[in-house]
Amino acid sequence: MSTEKEFHDISQSEDIAAIQNQSKKKMPWYAVLLAVVFCIAAFILLCYSVFTFIFVRTEVVGVSMQPTYNINLTIGTDYENSPYKDIVYVNRFNKGGHEDIVVIKQTATRNIIKRIVAVEGDKIDILKDPSDNLYYVYIQYAGQGEFIKQDEPYINSRLEMQFVYTEWQSYKLNNGIPSSSPLTVPEGHVFVMGDNRAHSEDSINLGPIKRSDIEGTVSFSLRYNQSFLEYWWKRIFG
């Protein structure tokens, strides 16, 4: 009996050792290569899907968003064929909110890029601040009781707001809005402006824009001479 038990113990030990030896065997090189190729292909497919169905690549044309974009463009040059156009990637599922930069479909063949300044229900006006005699955007946010002066550190020049004020008064006059009254952004609309205020065609002369015309919100951007790899390297490693 003991001999038979010892035999079974030895047999089981051999089986365990054989299993352990099999588990220690390395994968064939071609299996490793196949796994690597599969991972790379899956990653490429994922990136393609994201940038096809979520993000839209758009060139920034013109100077209306300086200094945020196209800082190397000179006013009056050939904007369409300039090599200094920055690139933005637009999230088509995000229609934006206050201070977001959005791409707007203006015609069947032309998009414009602007910043949302006010949304539906907000009241907006451009007024002079007597403390410094400069013009600012003032907003009474929907449901709130007072107008708030917007500092807007991203605009090109505070001094140029005087020209914007003149255009704003012309828009009010042409649309039956008293010069001393603010504009209330209608339902389903947004009020947009370019950061380069004196060189932008936006809601100051076009009026509020339909939210349904917004193609999406800018998620990230590349300078005209910046590669995709360089952008993400800086984002990750600083």
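Residues numbered from 1 in each chain as written. Predicted model: local features only at pLDDT ≥ 70, side-chain atom pairs only at ≥ 80, totals over all residues. Heavy atoms only, no water.

> Explanation requested: the pairing of strand S11 (residues 214-222) in the structure shown.
Here is the key point about a regular strand: its side chains alternate between the two faces of the sheet. Across 5 bridges, strand S2 (residues 87-91) lies against S11 in antiparallel orientation. What sits directly across from Val90, in S11, is Val218. Pairing of strand S3 (residues 101-105) with S11 involves 3 bridges; the strand directions are antiparallel. Bridge pairing links Val103 to Gly216 in S11. (Pairing = 2+ DSSP bridges. Helix = DSSP H or I, 4+ residues; strand = E, 2+ residues; numbered from the N terminus.)

> Would you take a moment to explain the sheet that holds S3 for this structure?
Strand pairing in a sheet takes place through backbone hydrogen bonds and is either antiparallel or parallel in direction. The sheet built from 7 strands is open, its strands ordered S1-S2-S11-S3-S4-S9-S10 with antiparallel pairing. Where the open sheet ends on each side, the last strands, each with one partner, are strand S1 (55-59) and strand S10 (209-210). Direction of pairing for strand S9 (residues 189-193) relative to S10: antiparallel, over a ladder of 2 bridges. What sits directly across from His189, in S10, is Lys210.

> What exactly am I supposed to notice about the packing of aromatic side chains here?
Here a ring pair, both rings aromatic, is described through the centre-centre distance and the interplanar angle of the planes. All chains considered together, the criterion is met by 6 aromatic pairs. Relative to Phe220, the ring of Phe55 lies with its centre 5.8 Å away and its plane at 65°, an arrangement referred to as edge-to-face. Residue Phe55 is found in strand S1, and its partner Phe220 is found in strand S11; the two are separated by 165 residues along the sequence. Aromatic pair Trp168 and Phe191: ring centres 5.6 Å apart, planes at 90°, arrangement edge-to-face. Placement of Trp168 in helix H3 (residues 161-174) and of Phe191 in strand S9 is noted, with a sequence separation of 23 residues between them. Assigned by exposure class, Trp168 and Phe191 land together as buried. Here a set of aromatic residues connected by ring pairs shows up, and it is made of Phe55, Tyr89 and Phe220. (Phe/Tyr/Trp six-rings, centres within 6.5 Å; stacked < 30°, edge-to-face > 60°. Buried < 20%, exposed > 50% of the residue type's maximum accessible area, 1.4 Å probe, protein only.)

Any functional reading would require information that these geometric values do not contain.
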